[in-house]
Amino acid sequence: MKQTAISLTLRPYRPADCPAMARLFYETVHTVNARDYAPEALDAWADGQPDLERWNSSFLAHRTLLAEAGGQLLGFADMDETGYLDRLYVHRDFQGRGVATALCDALEAQTPAPRYTTHASITARPFFESRGYRVTRAQQVERRGVWMTNFVMEKPGPTGVQEEIP
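Computed from a predicted structure; not experimentally measured. (Residues numbered from 1 in each chain as written. Predicted model: local features only at pLDDT ≥ 70, side-chain atom pairs only at ≥ 80, totals over all residues. Heavy atoms only, no water.)

Time to look at the packing of aromatic side chains. Counting across every chain of the model gives 10 aromatic pairs. For the pair Phe-59 and Phe-76, a centre-to-centre distance of 5.8 Å together with 85 degrees between the ring planes defines the contact as edge-to-face. Of this pair, Phe-59 sits in helix 3 (residues 52–61) while Phe-76 sits in strand 3 (residues 72–79), placing them 17 residues apart in sequence. With relative accessibility at 1%, the residue Phe-59 sits in the buried group. Under the relative-accessibility criterion, Phe-76 is labelled buried at 0%. Measuring from ring centre to ring centre gives 5.2 Å for Phe-127 and Phe-128, while their planes differ by 75 degrees; the resulting arrangement is edge-to-face. Residue Phe-128 is classed as buried on the basis of its relative accessible area, which comes to 4%. Lying over the aromatic face of Trp-55, Arg-87 brings its terminal NZ or CZ to 5.5 Å of the ring centre. Positioned above the aromatic ring of Phe-151, the side-chain terminus of Arg-125 is 4.6 Å from the ring centre. (Phe/Tyr/Trp six-rings, centres within 6.5 Å; stacked < 30°, edge-to-face > 60°. Helix = DSSP H or I, 4+ residues; strand = E, 2+ residues; numbered from the N terminus. Buried < 20%, exposed > 50% of the residue type's maximum accessible area, 1.4 Å probe, protein only. Lys NZ or Arg CZ within 6 Å of the ring centre and 35° of its normal.)

Relative to the helices and strands, Leu-52 is located in helix 3. Leaving out residues up to four positions away in the same chain, Leu-52 has contacts with Cys-18, Pro-19 and Ala-22. (Contact = heavy atoms within 4.5 Å.)

The next subject is the pairing of strand 7 (residues 146–156). Relative to strand 7, strand 5 (residues 115–121) is paired through 7 bridges, and the arrangement is antiparallel. Across the sheet, residue Arg-115 finds its bridge partner in strand 7, namely Pro-156. Inspection of the sheet shows strand 6 (residues 134–143) paired to strand 7 by 9 bridges, in the antiparallel sense. Note on strand 7: the bridge partner recorded for Val-135 is Met-153. Here strand 6 hands over to strand 7 after 2 residues, with Arg-144 in that stretch at a positive phi of 50 degrees. (Pairing = 2+ DSSP bridges.)

Structure below.
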């Protein structure tokens, strides 16, 4: 059953947000992604001990947005200048309510690129397919000695943006 969209606010990342984002990441992986990945894969993907300094540096280097409602963090996403969507995570209680769509719409609008790419989990693949992304290849990635499947996906960028020819 599809839930109704919610009224949310998008805002840029601030370093003070990093611990809350790390908690949301861990909880989302261990609940939402649990239907598609084994417990050992979930533990390897999100062990609850992220390197917050490294995460902060990455979020500052990318265009990073947070979705909030009533002061609660609903989700976050970040994209680099090439159009690579690095992370997209939505709180388990707000899945299917427009949070991921709002974050992706905003990042794509703010980042004109010849193409948008991401490495989507099994869980996220249908969401990206609904946005016009296509799988370019399935891949096995290793995290802390555990192998798991994800998908390299891409879609064309906005009309009029030309790709540079090397």
